[in-house]
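# Survey of secondary and tertiary structure
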Amino acid sequence: RLELRCERDGAGGAELRLDAHPALAVSRAALLPPPGGPGDAAGQELPVESRPFASYGNALHITLPQAPRAGQLLTFIIDYEAGEGPGVCWLSPEQTAGKQKPYMYTQGQAVLNRSFFPCFDTPSAKFTYSATVKVPEGFTAVMSAMSWEKQKDNTFVFKMPQPIPSYLIALVVGDIVSADVGPRSRVWAEPCLIEAAKKEYDGVIEEFLVVGEKLFGPYVWGRYDILFMPPSFPFGGMENPCLTFVTPCLLAGDRSLVDVIIHEISHSWFGNLVTNATWGEFWLNEGFTMYAQRRISTEVYGLPYTCLEAATGRALLRQHMDATGEDHPLNKLRVVIEPGLWGVNPDDTYNETPYEKGYCFVSYLAHLVGNQSKFDAFLQAYVNRFKFQSITADDTLGFFLEYFPELKEKGVDSIPGLEFDRWLNTPGWPPYLPDLSPGQQLMRPADELAELWAADGLNMEEIEAVDITGWRTYQLVYFLDQVLQKSPLPEGNVKRLSMMYPKISKAQNAELRLRWCQIVLKNNLEAEYSKVKDFLYNQGKQKYTLPLYRAMWGGSEATRALAMETFSATAPQLHINVQNYVKKILGLGVAE
């Protein structure tokens, strides 16, 4: 049921056009009579036709009895059936953690929700929504909504009174339970994971929310809950409002990965409250969120650690640009996404650039201001000015120059080599990089230790003098990245390293497990191949799964056999896209 107000006379003629998908079957569309007015309660049936629009969806054309007038309210009812489309994921019991019951979830970003319900599937339109969801006994439904109410007959009612773009509507149905972890937060998970989830997140979310509110203004979404998805969920996190979806890989058992949640929390202001009007300016969501995440992290964990985390992000941007070539058209902040049948699918433009180059541009704006508390105040004013709206980079940069008239007078938007236009429209490496040198105090000991382990004769005395018990995740990650770069190490060194640091070689932390597995493969440490297998059996996150299959396939006979054996055993529990990516790596035929 769609309630619309006509903005101006004669704008769309006597037709309503909505985004839909070939997998979505519409059986009837009707115009309902105005509330309390005359007319058939079932509504006046309207002609509806589905026409080709783009590779990722089609257009639903609904003919109206006459062109609406400005200010007129129209209520449509559309009967349809969905479920086969790319936005709706159905998991068999073996793809869940509990392995007993099936599970379903939706993933809207970027343009997938048109296969879940007919809508204006663009981030430029925002709306409120409500939903009534009836599920079988033994299942629970949750949605990205501010209120959640269970009624009789296993029916759940949801309301989202704040306007959001279509991509942020999300639904999960599964065997899930919840536990409180703060005054406005609870964790949701399958029963077998709920204790671990509660232990890991008890008390920490509120701390991040409070810092976020201090920096960026009030948190407007009421609750902030986290849903731990089944292990086959292919992403790290999805910032659905009130209910962030995250990978169960974040349950490291020692709170070492809670900072990933800071990124999703930061979207509560940047992305969910102030939104990019088009996917071609995705950096407005992600560049600002990276900046916000690192501001919160600096307040909570300090500057050196945050710089170290930002350095790992910069390394990912470097890898991406080396792989694609710097001048690839995706490596600019304003990407041209042509609409239509031969146009680009916005989902295919996803890469590191809007995140890390976007972060550099926001950092450059802060550098122009030259005073952190003044820039923090600007961010708060920016959120307040554009909240619940969808905006373009021109809106953002125009507001920046209006807020700092002295910078506008100085012409900071056109400093040679650093022009705002160049940032937006020229591909390549960021023309300004924020100073990450405070991270050096954590990097230097890690660099030196990696050097010691790469030596021909190990100097155990010097190695034992380095105490790594206090090192946090990103310092260990940085150390392992250096070891991996130096691999294969001299014979026997990795075996010694494994024995020396069980906190690394036996880690439950997914970021450490990924790198340890890569080191095991690069050094042909056959005694620990089982750890690679275990890690791939336990989760299906794309960011961890694909690099390990690439490493196995690029290695020896033994690692290739390990890849085939592991994949044939785990394929059914992987997301269909991830299955297909792995098949490509292993040279197997890909199913359509």
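Within every chain, residues take consecutive numbers counted from 1 along the sequence as written. Per-residue local features are limited, in this predicted model, to residues with pLDDT of at least 70; the limit for side-chain atom pairs, both in listing and counting, is 80 or more; totals at the level of whole chains, interfaces and linings are taken over all residues. In computing side-chain values, all of the structure's heavy atoms are included and hydrogens and water are not.

### Some words on the pairing of strand S9 (residues 103-106)
For the record, the criterion: Partly exposed residues are those whose accessible area sits between 20% and 50% of the maximum for their type, while under 20% is buried and over 50% is exposed, using a 1.4 Å probe and protein chains only. For the purposes of this entry, the term helix denotes a DSSP run of H or I that reaches at least four residues, the term strand denotes a run of E that reaches at least two, and both are numbered from the N terminus. A strand pair is defined by DSSP finding two or more bridges across the two strands.
Side chains Tyr103 and Tyr105 of S9 all project onto a buried face; the interleaved residues Met104 and Thr106 project onto the opposite face, where all are buried too. Here four bridges tie strand S8 (residues 88-91) to S9, and the two strands are oriented antiparallel to one another. Paired with Cys89 across the two strands is Tyr105, which belongs to S9. In this structure, S9 lies alongside strand S14 (residues 171-174), joined through two bridges in antiparallel fashion. Considered in S14, the bridge of Met104 is made with Val173.

### Notes on the UniProt feature "binding site: a peptide" (unreviewed entry) in the protein
As a reminder, the rule being used: UniProt positions are given in the numbering used here, feature names are shortened, and annotations may be inferred rather than shown by experiment. In the cavity and pocket records, a cavity denotes points on a 1 Å grid over the protein atoms alone where a 1.4 Å probe fits but cannot get out, a pocket denotes an open set with protein on both sides within 12 Å along at least 5 of 7 lines, and lining residues are residues with an atom within 4 Å of a point. In what follows, a contact means two residues having at least one pair of non-hydrogen atoms within 4.5 Å.
According to UniProt, the positions carrying the feature "binding site: a peptide" (unreviewed entry) are Gln107, Gly108, Gln109, Pro234, Phe235, Gly236, Gly237, Met238, Glu239, Lys541, Gln542 and Lys543. Looking only at the residues we just named, the largest cavity is lined by Glu239. Considering the arrangement of structural elements, one finds Gln107 in the loop between S9 and strand S10 (126-134). Given a relative accessible area of 7%, Gln107 falls into the buried group. With sequence-adjacent residues up to four places away left out, Gln107 is seen in contact with Gly87, Leu112, Asn113, Phe235 and Met238. Within the secondary structure, Gly108 is located in the loop between S9 and S10.

### Here's the deal with the packing of helix H3 (residues 259-266) against helix H4 (residues 283-301)
The condition that has to hold: All axes here are fitted lines through C-alpha atoms, helices being fitted over the stretch that makes contact, and every angle between N-to-C directions spans 0 to 180 degrees. Geometric relationships in this document are graded by angle, where less than 35 degrees denotes roughly parallel, more than 145 denotes roughly antiparallel, 65 to 115 denotes roughly perpendicular, and other angles denote oblique. Crossings are assigned a handedness: left-handed for a near helix turned anticlockwise from the far helix by less than a right angle, right-handed for a clockwise turn.
H4 packs onto H3 with a crossing angle of 130° between their chain directions and a minimal axis gap of 8 Å. Judged on the interaxial angle alone, H4 and H3 are oblique. For H3 against H4, the interelement crossing comes out right-handed. Contacts from Asp259, Ile262, His263 and Ser266 of H3 reach H4 at Glu286, Thr289, Met290, Ala292, Gln293, Ile296, Ser297 and Tyr301.

### Observations concerning the environment of Tyr581
One can find Tyr581 in helix H20 (residues 576-585). For the pair Tyr581 and Leu546, spaced 35 residues apart in the sequence, the C-alpha separation amounts to 7.4 Å. Aside from chain neighbours lying at most four places away, what touches Tyr581 is Gln542 and Leu546.

### Some thoughts on the pattern of salt bridges
For side chains bearing opposite charge, pairing can occur when the charged atoms are close. Put simply, the test is: Criterion for a salt bridge: a side-chain nitrogen of Lys or Arg within 4 Å of a carboxyl oxygen of Asp or Glu.
For the structure shown, the criterion picks out 27 salt bridges. Asp19 serves as the salt-bridge partner of Arg114, at 3.2 Å between the closest nitrogen and oxygen. Of the two residues, Arg114 is situated in the loop between S9 and S10 and Asp19 in strand S2 (residues 15-20); the sequence distance between them amounts to 95 residues. Neither Arg114 nor Asp19 differs from the other in exposure class; each is buried. Put simply, Glu326 and Arg318 hold a salt bridge, and the shortest N to O gap is 2.9 Å. Looking at Glu326, the relative accessible area reads 32%, which means it is partly exposed. If you follow the salt bridges from partner to partner, you end up with Asp180, Arg186, Arg223 and Asp225 in one network.

### Section: empty space enclosed by the protein
Our working definition: Grid points are joined across faces, edges and corners, and a volume is the space filled by probe spheres set on the points.
The tally for this structure, following the rule as stated, stands at one cavity of 30 Å³ or more. Empty space within the largest cavity amounts to approximately 30 Å³. Lining the largest cavity, in full, are Tyr219, Trp221, Tyr224, Glu239, Asn240, Pro241, Cys242, Thr244, Glu264, Ser268 and Asn272.

### Some details on the domain arrangement of the protein
Basically, it comes down to this: These domain boundaries are the output of an automatic or database domain assignment. Buried area: the accessible surface (1.4 Å probe) lost by two parts on joining, summed over both.
By the assigned domains, the protein splits into domain 1 (1-82), domain 2 (84-268), domain 3 (274-425) and domain 4 (440-586). Taking only C-alpha atoms, the centre of domain 1 and the centre of domain 3 are 37 Å apart. Taken together, the contact pairs five residues of domain 1 with five residues of domain 3. Summed over both partners, the interface of domain 1 with domain 3 buries about 430 Å², with 61% contributed by carbon and sulfur atoms. Three residues stand out in domain 1 for area buried against domain 3, namely Phe53, Ser55 and Tyr56, and they jointly supply 77% of the buried area on that side. In this structure, the connection of domain 1 to domain 3 is made through zero salt bridges.

### Quick word on the UniProt feature "active site" (unreviewed entry) in the protein
Rules: Residues adjacent in sequence count toward polar contacts only when both atoms are side-chain atoms; beyond that, a polar contact is any pair of N or O atoms within 3.5 Å, and within protein one must be able to donate a hydrogen and the other to accept it.
Sites flagged by UniProt as "active site" (unreviewed entry) map to Glu264 and Tyr355. In terms of the greatest pairwise C-alpha distance, the residues named above, spread along 92 residues, form a tight cluster of at most 13.0 Å across. When the annotated set is filtered for residues lining the largest cavity, what remains is Glu264. For Glu264, the location among the structural elements is in helix H3. Using a relative accessible area of 6% as the deciding quantity, one classes Glu264 as buried. Setting aside residues up to four positions removed in sequence, Glu264 forms contacts with Tyr224, Gly237, Met238, Glu239 and Thr244. For Tyr355, the position within the fold is in helix H6 (residues 353-369). The class for Tyr355 is buried, based on a relative accessible area of 13%. Beyond its immediate sequence surroundings of up to four residues, Tyr355 is in contact with His263, Phe282, Glu286, Gly287, Met290 and Tyr350. There is a polar contact of 3.0 Å between the side chain of Tyr355 and the side chain of Tyr350.

### So, helix H8 (residues 393-403)
All of the buried residues along H8 are Ala393, Thr396, Leu397, Phe399, Phe400 and Leu401. Residues of H8 that are buried make contact with H4, H6, helix H7 (372-386), strand S21 (389-391), helix H9 (405-410) and helix H10 (420-425).

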